[in-house]
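Descriptive analysis of the structure
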Amino acid sequence: MEISITKVAPEKMKPKPTDESKLGFGQILTDHFFIAEYNAGKGWHDPSIEPYRPLSLDPAAMCLHYGQLIFEGMKAYRGNDSSIYLFRPEENMKRMNASAERLCMPQIDKDIFWKGMKQLVLLEKDWIPQSSGTSLYIRPTMIATETALGVHPSNRYLFFIIVCPVGAYYPQGFSPTKIYVSEEYVRSVRGSIGACKAAGNYAASLYAAEKAKEIGYTQVLWLDAIEMKFVEEVGTSNIFFMIGDELITPPLTGTILPGITRDAVITLAKHWGITVSERPLSMDEILDAHNKGTLVDCFASGTAAIVSPVGQIYYKGTEYLINDGKIGELTARLYNEILQIQYGGKEDPFGWRVKISE
Ligand SMILES: Cc1ncc(COP(=O)(O)O)c(C=O)c1O
């Protein structure tokens, strides 16, 4: 598969950010993007890398009405040896195709995904920031483009990849978050699309997240939609609790995103001899452990932050401080280990780091 490449003229290139401490997240898009088209009967065709531009969509394009829109989130890292690395990209490809299947969208050819992403990242390599913890965020996206009103799976799609330099998540060091347990709103329910990286899931989460922010909380801790008892995810991350010497995270039953960092945390913790359980965990059990003093650590996991310590939980009118609001030992250990693996500072016993530069 040949990707046609049209480069931006040098004089039209955007200025690259000079202060890497001010990069933030998702503000600055680079000069180029990857795009490919799909038609039922023809399959994927015309992959190209082009100057970054707005898309032209018919107002009746189906993604704008019926929400067939899925995406992924991953990062390219400038390693300690200056090579360019990805972290478990195969898993993102698999997850995107799992989301596609659930939303009746076509599977993306591995060739299109992999070559498109690799060539784009290498073309934009000068946009990859250098300082510790920074990276180039990669956003593969698929949208339904058939022009038709009437609910059915689209027969035309666009797959595109955009990239943007992002800053270190913790430029001033770890800061424990305050989370709000939502008893009113849910993110997904058994049998829904909660396990997909589908735009609708994020739209569904905004209202509760805004309400929580208004009263001083960083994120919402979602409960299961049926009994409103068991923890599910926090904001747009997976959640882990360490009770005694057991590390617990909710099981993958279709309502939460199967996080790639979640899997890395589970694998590493088991490798270190820690007992890890993927099992339902109720708020009652968490509060009981808190009262007994056995709730020793709590953190969220995801590509953006790796792990993010939780310092406080608000539930039914009471605030519970976790580990005296201090960062748990395991949170810090996991953060350092995964960061080092991503940037090439440590052995990679699980083959997670993928070098893409020559
Ligand atoms: C809803 C949700 N849960 C969990 C995660 C964490 O997944 P990952 O570790 O693959 O980034 C994300 C982030 O992508 C997310 O959006």
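These figures come from a predicted structure and were not determined experimentally. (Residues numbered from 1 in each chain as written. Predicted model: local features only at pLDDT ≥ 70, side-chain atom pairs only at ≥ 80, totals over all residues. Heavy atoms only, no water.)

The next subject is the overall build of the chain. Scanning the chain from terminus to terminus reveals 7 helices and 18 strands. Since a compact globule built from 358 residues should have a radius of gyration of about 21 Å, the 21 Å found for the chain is in line with a globular shape. With respect to the principal axes defined by its C-alpha atoms, the chain has extents near 60 × 50 × 35 Å. Within the span of the chain, comprising 358 residues, buried residues form 51% of the whole. A separation threshold of at least 6 residues defines the contact pool for the chain, and within that pool the share at least 24 residues apart is 71%. Total accessible area on the chain stands at roughly 16300 Å², and carbon and sulfur atoms take up 50% of it. Within the chain, the 42 negative side-chain charges are centred at a point lying 2 Å from the centre of the 36 positive side-chain charges. (Helix = DSSP H or I, 4+ residues; strand = E, 2+ residues; numbered from the N terminus. Rg over C-alpha atoms; globule rule 2.2 N^0.38 Å. Buried < 20%, exposed > 50% of the residue type's maximum accessible area, 1.4 Å probe, protein only. Contact = heavy atoms within 4.5 Å. Areas by Shrake-Rupley, 256 points an atom, 1.4 Å probe, with all protein chains shown as cover. Lys, Arg positive; Asp, Glu negative; His and termini not counted. Charge placed at Lys NZ, Arg CZ, Asp CG, Glu CD.)

This part takes up the pairing of strand 7 (residues 135-144). Judged by how many residues are buried, strand 7 sits mostly within the fold: 9 of 10 residues are covered. When strand 5 (residues 74-78) meets strand 7, the two strands line up antiparallel, connected through 3 bridges. What sits directly across from K75, in strand 7, is Y137. (Pairing = 2+ DSSP bridges.)

What follows deals with the packing of helix 5 (residues 260-271) against helix 7 (residues 329-343). Where helix 5 meets helix 7, the closest approach of the two axes is 11 Å, and the angle between their N-to-C directions is 110°. By the criterion of interaxial angle, the relationship of helix 5 to helix 7 is roughly perpendicular. Mapping the contact onto sequence places A264, V265 and L268 in helix 5 and L334, E337 and I338 in helix 7. (Axes fitted to C-alpha atoms, helices over the stretch in contact; angles between N-to-C directions. Parallel < 35°, antiparallel > 145°, perpendicular 65-115°, else oblique.)

Moving on, we come to the pattern of salt bridges. Evaluation of the coordinates by the stated rule reveals 18 salt bridges. In this structure, the salt-bridge partner of R88 is D263, at a minimum N-O distance of 2.8 Å. Of this pair, R88 sits in the loop between strand 6 (84-87) and helix 2 (89-102) while D263 sits in helix 5; the two residues are 175 residues apart in sequence, bridging distant segments of the chain. A cluster of three or more residues bridged by salt bridges with shared partners is formed by E246, R279 and E285. (Salt bridge = Lys/Arg side-chain N within 4 Å of Asp/Glu carboxyl O.)

Another aspect to go through is helix 7. Residues that lie three or four places apart on an α-helix share one face, since the helix turns once every 3.6 residues. The end-to-end C-alpha distance of helix 7 is 22 Å, a good match for the 21 Å that 15 residues give at a rise of 1.5 Å each. Among the residues trailing helix 7, G344 stands out with phi positive, at a value near 85°. (Expected span 1.5 Å × (residues − 1).)

Looking now at the site of the ligand. Every one of the 15 residues lining the ligand counts as a neighbour, but K197, Y202, E233, T261 and T303 are closest to it. Within the side chain of R95, an N or O atom sits 2.8 Å from an oxygen atom of the ligand. A distance of 2.7 Å separates an oxygen atom of the ligand from a polar atom in the side chain of K197. In the complex, the protein chains occlude 95% of the 380 Å² of accessible area that the ligand would expose alone. Taken together, the elements giving at least two residues each to the shell around the ligand come down to strand 12 (237-243), helix 5 and strand 15 (295-302). Taken together, the residues that form the shell around the ligand break down as 3 nonpolar, 8 polar and 4 charged. (Near = heavy atom within 4 Å. Polar contact = N/O pair within 3.5 Å; in protein donor to acceptor, adjacent residues only side chain to side chain. Nonpolar A, V, L, I, M, F, W, Y, C, P; charged D, E, K, R; others polar.)

Quick look at the pairing of strand 8 (residues 156-166) now. Burial analysis of strand 8 places 10 of its 11 residues in the buried class, which makes it a mostly covered element. Across 6 bridges, the pairing between strand 2 (residues 32-39) and strand 8 is antiparallel. The partner of F34 across the bridge, within strand 8, is I161. When strand 7 meets strand 8, the two strands line up antiparallel, connected through 10 bridges. Looking at the pairing, I143 lines up with L158 of strand 8.

This part takes up the packing of helix 2 against helix 3 (residues 110-123). Interhelical geometry of helix 2 versus helix 3 gives an angle of 135° and a closest axis separation of 11 Å. Classified by the interaxial angle, the pair formed by helix 2 and helix 3 is oblique. For the pair helix 2 and helix 3, the crossing hand works out as right-handed. Residue-level contacts link P89, E90, M93 and M96 of helix 2 to K110, F113, W114 and M117 of helix 3. For the contact of helix 2 with helix 3, the residue count by class is 6 nonpolar, no polar and 2 charged. (Left-handed = near helix turned anticlockwise from the far one by under 90°.)

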